[in-house]
Amino acid sequence: TTRISLLIAGTRVTSKMTHQIEDAIHLPHLKKYRTEKYGWDPHTWDNIDWYSFEIATKRQQPGFKRFIHRFTSEWLPVGARTKFYNNDNQGKCVSCDSAHDESHTHV
């Protein structure tokens, strides 16, 4: 028999391999993106209780998880974003006809 084991960053993975592989691939990029986007210092990411965030969203429907990810990344399809790919959209809020672009905080 052949014995193999999976190591990620020098730590042996014994359970939840798919989850840990996905984290190893995606988390460094997400951490870098959000740290740069929001101007966080290196410790801010570590001070967020990601375990509780995962527990709170774990059993949610995929659509809700996608919404949360887009909301926290400021990627909701609001006027400020859709005006770049929809020529008919001027970026204004259709509900209040505000002079400002519709943004995730405006919604």
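Criteria and cut-off values
- Sequence order as written defines residue numbering, which begins from 1 separately in each chain.
- With pLDDT at 70 or above as the cut-off, local features in this predicted model cover only qualifying residues; side-chain atom pairs require 80 or more to be listed or tallied, and sums for whole chains, interfaces and linings still use all residues.
- In computing side-chain values, all of the structure's heavy atoms are included and hydrogens and water are not.
- By definition, any uninterrupted DSSP run of H or I lasting at least four residues is a helix, any uninterrupted run of E lasting at least two residues is a strand, and each is numbered from the N terminus.
- In this scheme, a helix's expected span is set at 1.5 Å multiplied by one less than its residue total.
- The aromatic pairing rule takes the rings of Phe, Tyr and Trp, using the six-membered ring of Trp, and pairs them if the centres are within 6.5 Å, calling planes under 30 degrees apart stacked, those over 60 edge-to-face and the rest tilted.
- Burial here depends on accessible area, computed with a 1.4 Å probe over protein chains only, as a share of the maximum for the residue type. Under 20% is buried, over 50% is exposed, and the range in between is partly exposed.
- Lining residues are those with an atom within 4 Å of a point, where the points come from a 1 Å grid over the protein atoms alone and group into cavities, where a 1.4 Å probe fits but cannot get out, or pockets, open sets with protein on both sides within 12 Å along at least five of seven lines.
- Grid points are joined across faces, edges and corners, and a volume is the space filled by probe spheres set on the points.
- Salt bridges, as used here, are contacts in which a Lys or Arg side-chain nitrogen is within 4 Å of a carboxyl oxygen on Asp or Glu.
- Here a residue-residue contact requires only that any non-hydrogen atoms of the pair lie within 4.5 Å.

**Student:** Can you walk me through helix α1 (residues 17–38) in this structure?
**Tutor:** A turn of α-helix holds 3.6 residues, and therefore any two residues three or four places apart point the same way. Along its 22 residues, α1 runs 31 Å from first to last C-alpha, staying within 8% of the 32 Å computed at 1.5 Å per residue. Phi turns positive, to about 65 degrees, at Gly39, one or two residues after α1.

**Student:** Is there a simple way to think about the packing of aromatic side chains in this case?
**Tutor:** Two descriptors summarise a pair of aromatic rings, namely the distance from one centre to the other and the angle between the planes of the rings. Using the criterion set out here, one finds 6 aromatic pairs in the structure. Both rings, one in Trp45 and one in Trp50, keep their centres 4.6 Å apart while their planes meet at 35 degrees; by these two values the pair is tilted. Here Trp50 falls in the partly exposed class, since its relative accessible area comes to 27%.

**Student:** Sorry if this is basic, but what is going on with the layout of surface pockets here?
**Tutor:** To find leftover empty space, one rolls a probe the size of a water molecule over the atoms. Its volume calculated, the largest pocket comes out at about 710 Å³. Along the wall of the largest pocket there are 18 residues; nearest its centre are His19, Asp23, Leu27, Leu30 and Phe53. Of all the elements in the fold, those that place two or more residues in the lining of the largest pocket are α1, α3 (50–58) and α4 (62–72). Ranked by the residues each element gives to the lining of the largest pocket, the list is headed by α1, at 7 residues.

**Student:** Even after reading the chapter, I still don't get unusual backbone geometry, so can you show me in this structure?
**Tutor:** Of all residues except glycine, most have a negative phi; of all peptide bonds, most are trans. Within the chain, Ala9 stands out as a residue other than glycine whose phi angle is a positive 55 degrees. Inspection of the secondary structure assignment puts Ala9 in the loop between β1 (6–8) and β2 (11–13). Backbone geometry places Lys16, a non-glycine residue, at a positive phi of 50 degrees. Locating Lys16 in the fold gives a position in the loop between β2 and α1. The class of Lys16 is exposed, set by a relative accessible area of 62%.

**Student:** Hey, could you run me through the pattern of salt bridges in this one?
**Tutor:** Pairing between side chains of opposite charge can happen when their charged atoms approach one another. Within this structure, the stated rule accounts for 3 salt bridges. We note a salt bridge from Lys31 to Asp46, for which the minimum N-O separation is 3.7 Å. Within this pair, whereas Lys31 is found in helix α1, its partner Asp46 is found in helix α2 (residues 42–47), the two being separated by 15 residues in sequence. Residue Lys31 is classed as partly exposed on the basis of its relative accessible area of 31%.

**Student:** It is not clear to me how the environment of Arg34 should be interpreted in this structure. Could you clarify?
**Tutor:** Tracing the chain through its elements places Arg34 in helix α1. Distance from Arg34 to Ser73, taken between C-alpha atoms, is 7.7 Å for residues 39 residues apart in sequence. When neighbours within four sequence positions are excluded, Arg34 is seen to be in contact with Gly39, Trp40, Trp45, Trp50, His69, Thr72 and Ser73.

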